[in-house]
Each structure stands twice: as structure tokens, then as C-alpha cells.
Amino acid sequence: MSSLTRKFVVVVSVVVFAFVCVGHVRGRSSDDKAFRALTVYGEVLDRVQREYVDDPNLHQVTAGALHGLFDSLDPQSSYLSPLEYTDYKERSSASPKAEAGLALTKRFGYISVISALPDSPGAKAGLQLGDVLEKIAGFTTGQMAIEQAQLLLSGDPGTAVKLSVIRRGKTEPQDMEIVLAKLAPPKLLEDRLEGDIAYLHVSEFQPGAARQIHDELAQLQRQGARKLILDLRACALGDDAEGIAAAQLFLSSGTITTLKGQTVSPLVSSADPSKLAWSLPMTVLIDTGTAGPAEILAAAIADNHRGETVGVRTYGTASQQKLIQLEDGSALILTLANYYTPAGKEIPVDGVTPTREVRPSIEDLTSADEVLPTPSSSPNDPDIKKAVEILQDAAAPRKAA
């Protein structure tokens with residue numbers, strides 16, 4: 001790029017920023033934060049152009065600045081350059097037949113694992129909470145959108161995808177391979193524990209999950225179950241609407257959740273007594289692998305005093321995003337609204353805190369890694385023990401004083 005061209009780009013950039021700022025100040029004279037921020041950016045860009053040691057590629061500088069801007073917002077928001085967005089559209093239209101079964105987020109600017117579906121390729125490869133995927137299929141995940149990572153982890157059945165994984169307590173990345181497979185339809189894991197206590201584990205909230213839960217609850221009651229342990233541990237995938245629909249099954253009144261954002265009017269989801277399917281005692285198991293729709297359900301149960309939540313604080317991802325295409329061929333994946341608990345807490349910020357905390361023991365931890373136990377109905381599971389204890393105490397007759 002010639003010196004004249006560089007100067008032209010910088011001048012135009014500053015003029016555009018100034019134009020935007022003037023419009024902003026006229027429209028909102030009481031708020032000059034955007035004006036100051038854009039002024040600083042224009043000054044920095046000018047300094048880079050005039051004084052950096054080498055001839056800078058201003059297109060890359062601008063793209064890097066935009067990626068950094070979104071990294072400072074939240075893990076679900078991302079910027080896609082024109083080239084990245086073109087690749088994203090091509091991969092999205094391929095209709096993949098096989099997946100890895102991983103719930104992902106971003107950590108330290110890189111793609112990170114929240115949880116893996118039971119028996120999925122991700123679970124079989126040993127991927128676990130907190131694993132940072134430094135590279136996927138040879139591509140660095142620094143500044144990569146979660147949606148891009150999911151597309152790289154999908155394709156034809158039998159496809160091997162190479163990963164470079166950074167695990168807690170390890171100083172060097174570990175190379176591993178994951179073989180994509182067609183995921184089986186989600187199934188509910190049910191069991192009978194002590195006496196009339198039933199156990200039900202939900203692994204994801206795909207379309208139809210609430211109906212499946214409804215039918216299973218009816219079956220459990222016909223079999224004599226009168227108390228329920230609902231296991232939402234390692235449940236991080238699915239549709240938020242299914243989480244709300246599932247909460248309807250357990251609540252006859254009260255607020256389930258509220259969705260709101262700067263440009264999104266508060267949308268309150270309330271219980272409908274006609275949809276109640278289980279009015280008997282219950283507890284809910286949660287952990288750091290609980291996210292999204294499962295968090296909405298767990299918070300609704302806890303804040304409406306419908307049952308205790310047992311375990312550790314959830315991850316915190318329940319929000320809604322929108323894909324926004326820009327004129328230059330780039331795109332934004334922007335978080336427009338977050339879900340709030342009935343008590344008014346912002347789930348992506350606060351997560352869902354258990355009413356009865358149960359921390360993993362030293363024996364349950366592997367080296368320096370925080371490895372959460374695989375959800376199961378084992379009576380030796382600390383969360384199960386606590387849940388059974390709570391349900392038995394609730395059913396025990398009170399002694400006279």
C-alpha cells in the first residue's frame with residue numbers, strides 16, 4: 001500500500017468516525033462515551049500508520065481491532081471478516097451429517113469446552129470441562145466464533161478432526177483426534193432410587209425435549225414414584241424455548257424467566273397451571289457443565305421455591321444472539337438479550353447458584369483438573385446422596401416439640 005493510499009484510508013476512517021460521533025452526540029448529547037472511544041481509536045490508527053516499525057496492513061489492523069472489541073464483550077459475540085463470513089456461509093449450507101457433540105464457549109480468547117454429550121465423539125475422545133481447543137483441524141481458535149468452531153467439528157460420519165488441546169495443569173498442548181459420528185436422538189436416563197424416589201437425567205434440550213420429559217414423568221408416577229431427582233448436570237446444549245417449556249411442567253404459578261436487553265423489551269415467561277405435570281417433591285442437580293436452557297429451568301425451580309438445587313454454580317450462558325450482515329461482506333454475531341432468573345439475576349453474569357452446594361472431594365479431582373463426575377444415578381454420587389437426604393427429610397413427619 002502506498003503512502004498516499006495509507007493516508008487516504010486513515011483520513012477517511014477518521015472522517016467517518018467523526019461523522020458517526022457527531023450524529024451520536026446530536027442524538028444523545030448526555031452520553032459522550034462513544035465519541036471519546038472513537039476519537040482515541042482514530043488517534044491510535046493514525047499513530048500506527050505514521051510511526052509503526054513496518055508498513056502496516058490497515059485492513060488486518062482494523063479486523064484485529066474489531067475481533068478484539070468483540071472479545072471484550074461476551075463469549076457468544078463475535079466479528080466475522082468478509083473472508084470468514086464467506087467460509088461460514090459455505091460450511092453452514094453443507095448440512096453436516098455428523099458432529100462432535102460438544103458444548104463450547106470462549107476462554108482466554110480461544111474456544112473452550114463446557115461439556116460433551118454422553119457417548120458422543122467428544123466424550124469418547126476424553127474432552128472435558130475447561131479444555132481449551134487451541135487448534136481445530138489446523139486452524140487456531142484465537143478470535144474464532146463459537147459457530148465457526150462448531151462447523152469445523154461437523155461433517156461426514158467417520159471424518160477425523162485433529163485437535164490441539166490445552167488442559168488445566170498442563171504446560172504444553174496435547175494433540176488428539178476426534179472421529180465425527182451421527183448423534184443418536186437424545187434420550188432421557190431414568191432410574192428408581194430409594195423407596196419412591198425417581199431419577200431423571202436430561203442431557204440436552206433439543207426440540208421435543210419437554211414433551212419427552214412430560215411423558216416420562218407420567219410414566220414414573222404410574223410406577224409409583226412420588227419424589228423426583230432431576231439431573232441437569234453436563235446439560236448445556238439445546239433450545240431455550242425447550243427449557244422454558246420444561247419449567248412449565250413443574251410450576252403451577254410464578255415467573256420462569258425474563259429475557260431483556262438494551263433494544264429488547266422485557267419478555268416475561270410465566271407458569272401456566274394447565275401445563276403442570278409434576279406437583280410432587282423434587283430436587284435439581286446442577287454443575288459447571290449446566291448451561292443455557294438447563295440454567296433457565298434450574299433457576300425457575302429454585303427461585304419459585306419449588307425444590308432445592310444441589311451441586312455447584314452453573315456456567316452462565318443463557319442468552320440470545322443475532323447474525324447481522326454488514327455492507328462490506330463481514331458479519332457480526334451479537335448478543336442482543338440475556339435471560340434473567342425469577343429473582344432478577346442475569347444468568348450469563350451470575351450463573352445459577354445452588355441452594356445446597358456440594359463440592360467435589362479431593363478424591364474426585366484428577367491432578368490439577370476440575371473434572372466433574374459423569375452424571376449418573378449411583379448412590380455413591382455426592383450430589384445424589386444430598387438430593388436423597390433432602391427429599392427424605394421433606395417427607396419425614398415432624399416431631400412434636
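To be clear, the structure that these remarks concern was listed above.
Since the structure is predicted, the reported quantities are computational estimates derived from the model, not experimental observations.

Q: Where do I start with the overall build of the protein chain in this structure?
A: Looking only at helices and strands, one finds eleven helices and 19 strands in the protein chain. Across the 401 residues of the protein chain, 42% fall into the buried class.

Q: What exactly am I supposed to notice about the side chain of T335 here?
A: Tracing the backbone shows T335 in strand 18 (residues 331-340). Within the local environment of T335, its side chain forms a polar contact with the side chain of D74, the two groups lying 3.0 Å apart. Excluding anything up to four places from it in sequence, T335 contacts D74, Q76, S77, S319, Q320 and Q321.

Q: Help me out: how do you make sense of the pairing of strand 15 (residues 282-286) in this one?
A: Along any regular strand, the residues point their side chains to alternate faces of the sheet. Judged by how many residues are buried, strand 15 sits mostly within the fold: five of five residues are covered. Alternating positions in strand 15 separate into two faces, M282, V284 and I286 on one and T283 and L285 on the other, with burial throughout. Here four bridges tie strand 12 (residues 227-231) to strand 15, and the two strands are oriented parallel to one another. Across the sheet, residue L230 finds its bridge partner in strand 15, namely V284. Viewed along the sheet, the connection from strand 15 through helix 9 (residues 293-303) into strand 16 (residues 308-311) turns out right-handed.

Q: Please explain the pattern of salt bridges as it appears in this structure.
A: Oppositely charged side chains can pair when the atoms bearing their charge come close. Across all of its chains, the model carries 14 salt bridges by this definition. The partner of D87 in a salt bridge is R91, and the shortest N-O contact between them spans 3.0 Å. Placement of both D87 and R91 in helix 4 (residues 82-92) is noted, with a separation of four residues, approximately one turn of the helix. Judged by its relative accessible area of 31%, R91 is partly exposed.

Q: Would you explain helix 8 (residues 240-248) in this entry?
A: One turn of the α-helix equals 3.6 residues, which is why residues spaced by three or four share an orientation. Most of helix 8 sits inside the fold, with seven of its nine residues counted as buried. All of the buried residues in helix 8 are D240, E242, G243, I244, A246, A247 and Q248. Contacts made by the buried residues of helix 8 are with helix 7 (209-222), strand 13 (255-260), strand 14 (267-270), helix 9, strand 17 (319-325) and strand 18. At the N-terminal end of helix 8, a side-chain oxygen is found 3.0 Å from the backbone nitrogen of A241, two or three residues along, and the residue is D239.

Q: Would you mind showing me how to read the pairing of strand 5 (residues 132-136) here?
A: One ladder, built from two bridges, connects strand 4 (residues 110-116) with strand 5; its direction is antiparallel. Bridge pairing links S112 to V132 in strand 5. Hairpin connection from strand 5 to strand 6 (residues 139-140): two residues lie between these consecutive antiparallel strands, with A137 at a positive phi of about 55°.

Q: Help me understand the nonpolar core in this model?
A: Soluble globular proteins tend to bury their nonpolar side chains together. Core analysis: the biggest nonpolar cluster contains 39 residues, and F205, L228, L230 and F250 have the highest contact counts within it. When residues of this core are traced back to their parent elements, those giving at least two are strand 11 (197-201), helix 7, strand 12, helix 8, strand 13, strand 15, helix 9 and strand 18. Here this core gets seven residues from one element, more than from any other, and that element is helix 9. Excluding residues that lie within four positions of it along the chain, L230 makes contacts with L200, V202, F250, M282, T283, V284, L285 and L297. One finds A98, A100, V113 and V165 within the second-largest nonpolar core, a separate group that totals 21 residues.

Q: Just to check I follow, could you spell out the packing of aromatic side chains for this structure?
A: Each aromatic ring pair is characterised by the separation of its centres together with the angle its planes make. The tally for this structure, following the rule as stated, stands at one aromatic pair. The interplanar angle of 25° and the centroid separation of 6.3 Å between the aromatic rings of Y85 and Y88 together place this pair among those described as stacked. Of this pair, Y85 and Y88 both sit in helix 4, three residues apart, roughly one helical turn. For the pair shown, Y85 and Y88 are each scored as buried. Over the ring of Y340 we find K260, and its NZ or CZ is 4.4 Å from the ring centre.

Procedures and definitions
- Residues numbered from 1 in each chain as written.
- Predicted model: local features only at pLDDT ≥ 70, side-chain atom pairs only at ≥ 80, totals over all residues.
- Heavy atoms only, no water.
- Helix = DSSP H or I, 4+ residues; strand = E, 2+ residues; numbered from the N terminus.
- Buried < 20%, exposed > 50% of the residue type's maximum accessible area, 1.4 Å probe, protein only.
- Polar contact = N/O pair within 3.5 Å; in protein donor to acceptor, adjacent residues only side chain to side chain.
- Contact = heavy atoms within 4.5 Å.
- Pairing = 2+ DSSP bridges.
- Right-handed = clockwise from strand over helix to strand, strands pointing away.
- Salt bridge = Lys/Arg side-chain N within 4 Å of Asp/Glu carboxyl O.
- Core = buried A, V, L, I, M, F, W, Y, C linked by side-chain atoms within 4.5 Å.
- Phe/Tyr/Trp six-rings, centres within 6.5 Å; stacked < 30°, edge-to-face > 60°.
- Lys NZ or Arg CZ within 6 Å of the ring centre and 35° of its normal.

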